[in-house]
Structures are given as structure tokens and as C-alpha cells.
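One letter stands for each residue in the lines below.
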Amino acid sequence: MADSNPLLPPYTPSETQHPIRVKKAASPSFDDAIEHYIGRTSFSQLFQAFFASLSWVFDAQQTFINVFTDAEPKWRCIRPDDPSCSSASNPCSLPKGSWAWDLPEHTSIVSEWNLECSGSALAGLPASAYFIGCLIGGLLLATLADSLLGRKKMLFFSCLTMSLTGILTVISPNIWLYSALRFICGFGRATVLTCALVLSTEIVSQKWRDGVSIIGFFCFGLGFLSLPAMAYVNRGSSWRTLYLWTSVPSFCYSILLYFLVQESPRWLLVRGRREEAVHILKNIAASNGNVITSSFSTLVTPEDVENVGIFTAMKILWEKRWAFRRLIAIMTVAFGVGMVYYGMPLNVGNLTSNIYLSVTYNALAELPSSLITFFCIENFNRRSSSLILTTLSGMCSILCVFMKIEGLKMAVEVVSFFSACTALNVALVYSIELFPTCVRNSAISLVRQALVLGGVFAPILVVEGRKKSFLSFGVFGLVIGSCGLFAACLPETRGRSISDTMAEEEYKEISTSSNPSVV
């Protein structure tokens, strides 16, 4: 005979919690259900979390591919003894036939489409179009992962769009169509990181959540690191080849993702799709050697469900003052981090050092930043970590303006980028904990859009930085340093369990305000 006990035990506030609003805030603990009925996190859960996080590899490749495809190649004077040519800082003032590119014209869009004398707006258009697409796509697609499509389908759609547009990019005949395809690519991939991060953390128990969240950051570093390797192997080849090398594997991954990864049972539960959530929970329990025999009749009640529509999540975040304050503060931090995070790799072309080594050093900074992130979230408060990292990144970026020794300048630039990488990772983990399940994906997507908005301005500043260093390194440092101060306005979330509903999170907000020791 089936056990009639409910899957989720009723929420019972402790004696230290404020008695007011208990009924409103009371909601079943999904984490307790996973721990009690499913047992330890199984290999199947970890595999799915890891496979979902692999999407960060391909996202990193598309995000930074412009560093190589849009780079201005080195040029040389055809007659080295020509004084007018040898004294020129760029070929724009020289007559045709007096200079030539070191590599074949098809190695970069700059040399293929004669963009060397174009303004900063046109030269930086493809990269800016990509980030603008990310910005608009995030605003329009973000709530679909919280409402209609869910985490898995939204991630599949984003990866598929990103890969297909990358493949189509190889037929671009001019910069205008190329920029349009980069815009579509950015629009489609706008939700890759947020969906992958939220999905991977929601399908494991609380014990594994911090560790799993770091996998995506590590995968992003691997994707970034793979770019200079592929670009070096293909040096002298067409820039279109690099798009094929990155987009075809991404397409294959998208197909596998659809069949190998399950939807988040937490999202299904919050959306009121109890049967589907129960089915996935049974599969997870079975893979762990457990058998669930509960009737699940009281798994969730109508009053516990906050059915968030396509734009309802935005409305909720706007109407709840505590949620709006958190959102504005973390988005401001993300804007500053984004300008350095996306701007520094693009800016390495302004250094006289080898572009392959420069990008490799920046990419290598991503990998230890993931380990440092894990150390920070395990041992330090989120708020203080964000403040320290953004301040360090800003100071190092500004120092790059005044340094004349290229080797030392490169080292300080890597430290600035490393600090921004770690600050980004901490900010995303922070965002997961600041917002409940019903609006989490939408909130994190908005944080990502603020991050991308910083990236929109980065390519233009990088082009201007070729003339005056302060317009790139200096502006980067001032922006991330000032924006990072807004982290002081956020509540500390270290050691807290994540909430499923706005009522539950609001109850914690009130309890913490009246008694800071209660989390």
C-alpha cells in the first residue's frame, strides 16, 4: 500500500522567527524533500549539472571570438628605406602600394573589408552589435525561462540559435551583414549563462549547490582559453574558419543537450506542474538507489504557487521595494564588472605584446578565478568579496595607464582582468541567493544584461584607446571601482537557504531586518 505521507513537510518557523506573516511565508522546503526522499546527490544529477554547464564553453568562444576575427593585423612598408612610410604610425596617410599587410587579407575583417581607416564606431560595430543583441535578447527572452519555456528549453533554444548564426556568419559578404548576424547571435545566446547556471544549481541538493555553480565558470574559462589555441593553429587562414571551428561543435552539443538533460523539478513545482516534477524526482531517486512510494497528494497547494507570467516577473521585481533595491544595486555592480570583463580581452590588441600570448594570459586568469570564487563563497561574505575585488580591478586598470614597461603592464592588466572575473563569478552566485525561484532566472538575466551593457561600450573605448590609453584602461578602472561600491547596499546571503516564493524571501527580509542574527 502506497505511503500517504506528503513529499514535502509543512514549513514550520522556528521560535526565533517573527510570528507575524508565518502563514503567508510558510512554504514547503524543496531542499528538504530532495535530502529526505531522494538522498545524497546522485551521479546522474551531477552529470546533468555538468553537461548543462558545458554550454559556457561555446558561449565564451562566441563572446570573445571578435578579439581575433576583428583584430587589426600588423602591416609593413614595402620599401623599408622610405622615410615617410617608416615614420607613419598607421597606413591611413600612406598611398596605396607603399605598404602591405603581414598576413593575407582574409585573416581579419579589417584587412578584407578595408576598415583600417574607418572610425571607431564602424570598426567596433560587429562587437558592439553582438553585445547590443545580448542586451535586447536578455530583456525579451529572460522571463521565458521563468514562465513558458523553462530552464532546459530556453537553454536549448539559445545554444541552437548561437551555433546556427555562427555557421551562417562564414558567408558574410560585408561588415553590415556580418554585424547583423553578430547581433542575432548575441540575441539568441543572451540567456545561455543564466539558464545553465540556474538549471545546474536547481537540480542538485543544497550541499552541492556552491560547488556546481563553479563548474560553469570553469567551463567558460576553458572556452576562452581554447580560442587563442584555435586562432594560432589557423593563423594565416580565413577568419571564417574560426567561426566554423567554434559553431559546428556548438550545434552538436545543442542536440545532445535536449536529450540528456532534464527540466528543473524546482521550476516545475513552482509553476504548478506537479506530475512532471514528481516524475523527475522519481527518476532521480531511482538513479540513486531509492524508491519513492509517497502519494504526493500534498506536494504543493495552490496558494503556494506563484504562477509568474511572461512579464509578471518584471512587475513583481518592480513592485517589491526590497527586491527592486537589490536588483538595482547588483545590476550597477554588474555594469562596472562587465565593462572590464569584456573590455580587457578586446584591449590586449592595444598592447605591443603578442596577441596570442596576451589573450592566453587573460584566458588563463579565468581558471584560477573559478577556484578563488569557490574559496571566497565558502569562507567570506558575498558583500565584502564584491567590494574588494572590484576595487582591486579598478586600481590595476588605472595603473596600466601610467606604466611604460610592457611586461609589467601586461601583468597588471591580467590582475585587473582576474579580479573582474572573480567579481563576476561572485556576483552571479550572489544573485542566485538574493532572489527566489519564481523570479530567479528573470532577475539573474537582468543582472546579465547590466553586465552586457558595460560590454556594449567596451569596443568603442578600445578603439579610442589605440590613440589615448586613458580612454580604455582609465575609464575601465573608474567605472568598475565606482560601480562596485553599490555592493555595500546589498544584504548578506552567505549561509542562507534559497527561497522558492516571494513571500518566503520577504519573510526572511523582515526577519533579518528585525533580528540580524536570523537568516
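S.K.: Sorry, what's going on with the overall build of the protein here?
M.R.: If you tally the helices and strands in the protein, you get 24 helices and two strands. A total of 519 residues make up the protein; the buried ones form 58% of that total. Relative to all contacts within the protein whose residues are 6 or more apart in sequence, the contacts with residues 24 or more apart total 83%. Counting only carbon and sulfur atoms, one obtains 66% of the accessible surface of the protein, whose full area is about 20800 Å².

S.K.: Even after reading the chapter, I still don't get the side chain of Thr-165, so can you show me in this structure?
M.R.: Relative to the helices and strands, Thr-165 is located in helix α10 (residues 150-168). At 3.1 Å, the side chain of Thr-165 forms a polar contact with the backbone oxygen of Met-162. Those residues within four positions of Thr-165 in sequence are excluded, and the remaining contacts are Leu-181, Ile-184 and Cys-185.

S.K.: Would you take a moment to explain the environment of Glu-116 for this structure?
M.R.: Within the element layout of this structure, Glu-116 appears in the loop between α7 (109-112) and α8 (120-123). Put simply, Glu-116 and Glu-72 are 44 residues apart on the chain and 7.0 Å apart in space, counted from C-alpha to C-alpha. Those residues in contact with Glu-116 that sit more than four places away from it in its chain are Glu-72, Pro-91, Cys-92, Lys-96, Trp-99, Trp-101 and Val-110.

S.K.: Explanation requested: a nonpolar patch on the surface in the structure shown.
M.R.: Nonpolar side chains collect at one region of the surface, where Phe-43, Phe-47, Leu-164, Phe-251, Ile-255, Leu-256, Tyr-258, Phe-259 and Leu-260 lie side by side and expose about 880 Å² of accessible area between them. At the level of secondary structure, the elements contributing two or more residues to the nonpolar patch comprise α3 (43-53) and α14 (239-260). Looking at which element gives the most residues to the nonpolar patch, the answer is α14, with six residues. Secondary-structure assignment places Leu-164 in helix α10.

S.K.: How do you make sense of the packing of α10 against helix α12 (residues 192-202) when you look at a structure like this?
M.R.: Geometrically, a packed helix pair is captured by the angle between its two axes and the distance between the axes. Relative orientation of the contacting elements α10 and α12 amounts to 145°, with a least axis distance of 9 Å. Here α10 runs over α12; the crossing is left-handed. On α12, the residues touching Arg-151, Lys-152, Met-154, Leu-155, Ser-158 and Cys-159 of α10 are Val-192, Cys-195, Ala-196, Val-198, Leu-199 and Glu-202. Here the contact of α10 with α12 is composed, by residue class, of eight nonpolar, one polar and three charged.

S.K.: I would appreciate a short explanation of the nonpolar core in the present structure.
M.R.: In globular proteins that are soluble, nonpolar side chains generally tend to be buried together. Of all hydrophobic cores here, the largest spans 120 residues; its most connected members are Trp-56, Phe-64, Phe-68, Leu-155, Leu-317 and Tyr-341. Tallying contributions element by element places helix α21 (residues 406-434) first for this core, with 15 residues. If you count residues domain by domain, this core takes at least three from each of domain 1 (28-75 + 102-297) and domain 2 (306-409). Listed in part, the seven residues of the second largest apolar core include Cys-77, Cys-85, Trp-99 and Trp-101.

S.K.: Honestly, the confidence of the model for the protein in this entry has me stumped. Any pointers?
M.R.: Detailed reading of predicted coordinates is not advised where the pLDDT is low. Averaged over all residues, the pLDDT of the protein equals 80, while 84% of them reach at least 70. Confidence scores differ between elements of the protein, with helix α1 (residues 22-25) showing the lowest mean pLDDT of 39 and α14 the highest of 95. Low pLDDT (under 50) marks residues 1-28, which in the prediction has 53 contacts with non-local residues, meaning those over four places away or in another chain. In this model residues 300-305 is a low-confidence stretch, pLDDT under 50, and it forms 11 contacts with partners more than four residues away in sequence or in other chains.

S.K.: Would you explain helix α22 (residues 437-465) in this entry?
M.R.: Since the α-helix advances by 3.6 residues per turn, residues separated by three or four positions end up pointing in the same direction. Between its first and last C-alpha, α22 extends 42 Å over 29 residues, near the 42 Å set by a 1.5 Å rise per residue. Ala-458 marks where α22 bends most, by close to 30°; the proline Pro-459 follows one to four residues later.

S.K.: Looking at this model, I keep getting lost on the packing of aromatic side chains. Mind explaining?
M.R.: By convention here, two paired aromatic rings are described through the distance between centres and the angle between planes. Counted under the stated rule, the structure contains 29 aromatic pairs. Here the aromatic rings of Trp-75 and Trp-99 are separated by 6.2 Å at their centres, their planes lie at 75°, and the arrangement is edge-to-face. Of this pair, Trp-75 sits in strand β1 (residues 75-77) while Trp-99 is found in strand β2 (residues 99-101), placing the two residues 24 residues apart along the sequence. Positioned over the ring face of Tyr-258 is Lys-152, at 4.9 Å from the centre of the ring. Geometry around Tyr-232 places Arg-235 over its ring, the cationic atom sitting 3.9 Å from the centre.

S.K.: Got a minute to help me understand the side chain of Thr-201 in this structure?
M.R.: Of note, Thr-201 is situated in helix α12. In this structure Thr-201 comes out as buried when scored by relative accessible area, which is 2%. When neighbours within four sequence positions are excluded, Thr-201 is seen to be in contact with Arg-209, Val-212, Ser-213 and Ile-432.

So, how was this worked out
Residues numbered from 1 in each chain as written. Predicted model: local features only at pLDDT ≥ 70, side-chain atom pairs only at ≥ 80, totals over all residues. Heavy atoms only, no water. Helix = DSSP H or I, 4+ residues; strand = E, 2+ residues; numbered from the N terminus. Buried < 20%, exposed > 50% of the residue type's maximum accessible area, 1.4 Å probe, protein only. Contact = heavy atoms within 4.5 Å. Areas by Shrake-Rupley, 256 points an atom, 1.4 Å probe, with all protein chains shown as cover. Polar contact = N/O pair within 3.5 Å; in protein donor to acceptor, adjacent residues only side chain to side chain. Patch = residues over 30% accessible without salt bridge, like charges linked within 9 Å, V, L, I, M, F, W, Y side chains within 5 Å. Salt bridge = Lys/Arg side-chain N within 4 Å of Asp/Glu carboxyl O. Axes fitted to C-alpha atoms, helices over the stretch in contact; angles between N-to-C directions. Left-handed = near helix turned anticlockwise from the far one by under 90°. Nonpolar A, V, L, I, M, F, W, Y, C, P; charged D, E, K, R; others polar. Core = buried A, V, L, I, M, F, W, Y, C linked by side-chain atoms within 4.5 Å. Domains from an automatic or database assignment. pLDDT = per-residue confidence, 0-100. Expected span 1.5 Å × (residues − 1). Bend = angle between axes of the 7 residues up to and from the residue. Phe/Tyr/Trp six-rings, centres within 6.5 Å; stacked < 30°, edge-to-face > 60°. Lys NZ or Arg CZ within 6 Å of the ring centre and 35° of its normal.

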